[in-house]
Amino acid sequence: NSVYQERQECYAFNGTQRFADGLIYNREDYVHFDSAVGEFLAVMELGRPTGEYLSSQKDFMERKRAEVDRMCRHKYELMEPPLRQRR
């Protein structure tokens, strides 16, 4: 049996947020999206066709690039301590 998984993560560094979306096949990352790069990149040769295909889909990539705003920024705003928000 083959297992496909997706892992989505948000990162915060020095006031900026990044969104990462990794596609996993049998417990190995094979392609990932990083909002700092703005496209899918192959982690291994198996991921090259998938990364190229996904990165060529303009509407899909537009939505994927917006994920950092939709998925991450509001989470970090909710997690900020109340005292920090008063500044």
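Per chain, residues are indexed from 1 in the order of the written sequence. For this predicted model, a pLDDT threshold of at least 70 governs which residues receive local features, and a threshold of 80 or more governs which side-chain atom pairs are given and counted, while totals over whole chains, interfaces and linings are taken from all residues. Values shown for side chains rest on all heavy atoms present in the structure; no hydrogens or waters enter the calculation.

Under the annotation held in an unreviewed UniProt entry, the protein chain carries the name MHC class II antigen and is attributed to Macaca mulatta. UniProt positions are given in the numbering used here, feature names are shortened, and annotations may be inferred rather than shown by experiment. Regarding the protein chain, the relevant UniProt record gives this comment under Subcellular location (unreviewed entry): "Membrane".

Novice: Is there a simple way to think about the pattern of salt bridges in this case?
Specialist: In a structure, side chains of opposite charge can pair up when their charged atoms sit close to one another. What makes a salt bridge here is a side-chain nitrogen of Lys or Arg within 4 Å of a carboxyl oxygen of Asp or Glu, nothing more. Counted according to the given criterion, the structure contains 6 salt bridges. Among the salt bridges present, the one from Lys64 reaches Asp21, with a minimum N-O distance of 2.5 Å. In this pair, Lys64 is assigned in helix 2 (residues 58–65) and Asp21 in strand 2 (residues 16–25), connecting sequence segments 43 residues apart. Residue Arg70 is joined to Glu67 by a salt bridge in which the shortest nitrogen-to-oxygen separation is 2.8 Å. Separated by 3 residues within a single helix, Arg70 and Glu67 lie in helix 3 (residues 67–79), roughly one turn from each other. Residue classification places Arg70 among the exposed positions, given a relative accessible area of 52%. One salt-bridge network, in which partners are shared between bridges, spans Arg7, Glu9 and Asp29. Elements are defined by DSSP. Helices are runs of H or I of four residues or more, strands are runs of E of two residues or more, and each kind is numbered from the N terminus. For every residue, the accessible area (1.4 Å probe, protein chains only) is compared with the maximum for its type, and the residue is labelled buried under 20%, exposed over 50%, or partly exposed between those bounds.

Novice: Is there a simple way to explain the side chain of Lys64 in this structure?
Specialist: Residue Lys64 is classed as buried on the basis of its relative accessible area of 7%. Here a residue-residue contact requires only that any non-hydrogen atoms of the pair lie within 4.5 Å. Lys64 has contacts with Glu6, Gln8, Phe19, Asp21, Phe33 and Phe40, leaving out every residue within four places of it along the chain.

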